[in-house]
Amino acid sequence: VLIHGLVRDALGRKMSKSLGNGVDPLEVIDQYGADALRFSLSMGVSPGNDMRFSTDKVESARNFANKIWNASRFVLMNLGDTAESMEGKTFSAADKWILTRLDETIREVTDHFENYDLGMAAQKIYDFAWSEFCDWYIELAKVSLNGENGAATRAVLRHVLIALLKMLHPFMPFITDAVYRYVPGTEGTIMLSAWPERDAALVFPEDAREMEGVMDVIRAVRNLRAEMNVAVGKRAHLMVRPKAGWEHAMEGAEEYLKRLAWVSEMTLL
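Student: For this particular structure, what's the right way to read the overall build of the protein?
Tutor: The secondary structure content of the protein amounts to 10 helices and 4 strands. Ordering the α and β elements of the protein from the N terminus gives β-α-α-β-α-α-α-α-α-α-β-α-α-β. Considered along the principal axes of its C-alpha atoms, the protein spans approximately 70 × 45 × 30 Å. Across the 269 residues of the protein, 43% fall into the buried class. For the protein, the exposed area adds up to about 14800 Å²; of that, 51% sits on carbon and sulfur atoms. Taking the 31 positively charged and 38 negatively charged side chains of the protein as two groups, their mean positions are separated by 5 Å.

Student: Is there a simple way to explain the packing of aromatic side chains in this structure?
Tutor: Two measures describe an aromatic ring pair: the distance that separates the ring centres and the angle between the ring planes. Counted by the stated rule, this structure contains 10 aromatic pairs. Relative to phenylalanine 171, the ring of phenylalanine 39 has its centre 6.0 Å away and its plane inclined at 85 degrees; by these criteria the two rings are edge-to-face. Of the two residues, phenylalanine 39 sits in helix H2 (residues 34-42) while phenylalanine 171 sits in the loop between helix H6 (150-168) and helix H7 (173-180), which places them 132 residues apart along the sequence. Classification of phenylalanine 39 by relative accessible area gives buried; the value is 1%. Accessibility expressed as a relative area gives 4% for phenylalanine 171, which makes it buried. Here phenylalanine 113 and tryptophan 195 contribute two aromatic rings whose centre-to-centre distance is 5.5 Å and whose plane-to-plane angle is 90 degrees, an arrangement assigned as edge-to-face.

Student: Would you take a moment to explain the nonpolar core for this structure?
Tutor: Within soluble globular proteins, side chains that are nonpolar tend to cluster in buried spots. Phe39, Leu99, Phe133, Tyr137 and Leu257 are the most contacted members of the largest nonpolar core, which totals 75 residues. Among the elements that line this core, the one with the most residues is helix H5 (residues 118-144), at 13 residues. Leaving out residues up to four positions away in the same chain, phenylalanine 133 has contacts with Ala71, Val75, Ile98, Phe128, Ile138, Leu157, Val160, Leu161 and Leu164.

Student: It is not clear to me how the pattern of salt bridges should be interpreted in this structure. Could you clarify?
Tutor: Between side chains of opposite charge, a pair can form as their charged atoms come close. If you walk through the whole model with that rule in mind, you get 18 salt bridges. In this structure, lysine 89 and glutamate 84 form a salt bridge, with 3.8 Å as the shortest nitrogen-oxygen distance. Among the residues examined, lysine 89 registers a relative accessible area of 23% and is labelled partly exposed. For glutamate 206, the salt bridge identified is with arginine 209, shortest N-O distance 2.6 Å. With glutamate 206 and arginine 209 both in helix H8 (residues 205-227) and 3 residues apart, the pair spans about one turn of that helix. On the accessibility criterion, glutamate 206 (41% relative accessible area) is partly exposed.

Student: Can you walk me through the environment of aspartate 216 in this structure?
Tutor: Within the element layout of this structure, aspartate 216 appears in helix H8. The class of aspartate 216 is partly exposed, set by a relative accessible area of 46%. For the pair aspartate 216 and methionine 250, spaced 34 residues apart in the sequence, the C-alpha separation amounts to 11 Å.

Student: Just checking my understanding: could you explain the environment of asparagine 115 for this structure?
Tutor: Along the chain, the position of asparagine 115 falls in the loop between helix H4 (93-114) and H5. Of the residues examined, asparagine 115 reaches a relative accessible area of 59% and is grouped as exposed. Separated by 65 residues in sequence, asparagine 115 and tyrosine 180 have C-alpha atoms that sit 27 Å apart.

Student: What is the right way to read the packing of helix H1 (residues 25-32) against H2 from this model?
Tutor: Between two packed helices, the angle of one axis relative to the other and the distance separating the axes together describe the packing. Interaxial distance between H1 and H2 falls to 7 Å at its minimum, and their mutual angle equals 115 degrees. Facing H1, whose interface residues are Pro25, Val28, Ile29 and Tyr32, H2 presents Ala34, Ala36 and Leu37. Counted by class, the contact of H1 with H2 contains 7 nonpolar, no polar and no charged residues.

Parameters and conventions
- Residues numbered from 1 in each chain as written.
- Predicted model: local features only at pLDDT ≥ 70, side-chain atom pairs only at ≥ 80, totals over all residues.
- Heavy atoms only, no water.
- Helix = DSSP H or I, 4+ residues; strand = E, 2+ residues; numbered from the N terminus.
- Buried < 20%, exposed > 50% of the residue type's maximum accessible area, 1.4 Å probe, protein only.
- Areas by Shrake-Rupley, 256 points an atom, 1.4 Å probe, with all protein chains shown as cover.
- Lys, Arg positive; Asp, Glu negative; His and termini not counted.
- Charge placed at Lys NZ, Arg CZ, Asp CG, Glu CD.
- Phe/Tyr/Trp six-rings, centres within 6.5 Å; stacked < 30°, edge-to-face > 60°.
- Core = buried A, V, L, I, M, F, W, Y, C linked by side-chain atoms within 4.5 Å.
- Contact = heavy atoms within 4.5 Å.
- Salt bridge = Lys/Arg side-chain N within 4 Å of Asp/Glu carboxyl O.
- Axes fitted to C-alpha atoms, helices over the stretch in contact; angles between N-to-C directions.
- Nonpolar A, V, L, I, M, F, W, Y, C, P; charged D, E, K, R; others polar.

See below:
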């Protein structure tokens, strides 16, 4: 039995007929969707505490659903009808990073579910899906999708998408089930699928650390371009002096920098 707090209005008042501040959930669902309403009532809520209902939160959850939908379309478009296996693949630095982050996210989300901390579980899924999978990995994956490492990247995209859909399903059952049925190699409804399991063979802490360092460089270059008012799309020659021990990581980062930081070429000093 889960005992939760009250859902109050945007001003923190208890909803009542006399105040006329009640909310008809069917009207909210018609406007934003059932998944968006469910997710907005779950994320950021601590056990037992009251929460304030806000259409801004529901709209934000709807935007998140759109983000998941568009990311899924990208993955499915690149998979075609092929269910790429993870077996025997040579993974890129970006692949190893997202697989390591997926393992950590599965651990954290599972722990939160087992402790009935549903708000934190939703927050962890949101952060992983929006920031790491959609904003970073999908962009990084575009570097290798059409190269010799493309099969491995497609396998990772499929693997991570399936795990993400399964973790998100308790909060957003409709969109996750709709997408899951289109993923190659899946059968039936996601409701009957197993919870994602951690795999020690798909965890690469050192490679993930190096990739996060490369991502910090990409952020730094973007910030420098913004500070110096460099026109968007104008490419620049980047000169980097790596810290001791980071030479190898930076040597393999040129293609990522070219795509995500608008670099024409990179020189290591």
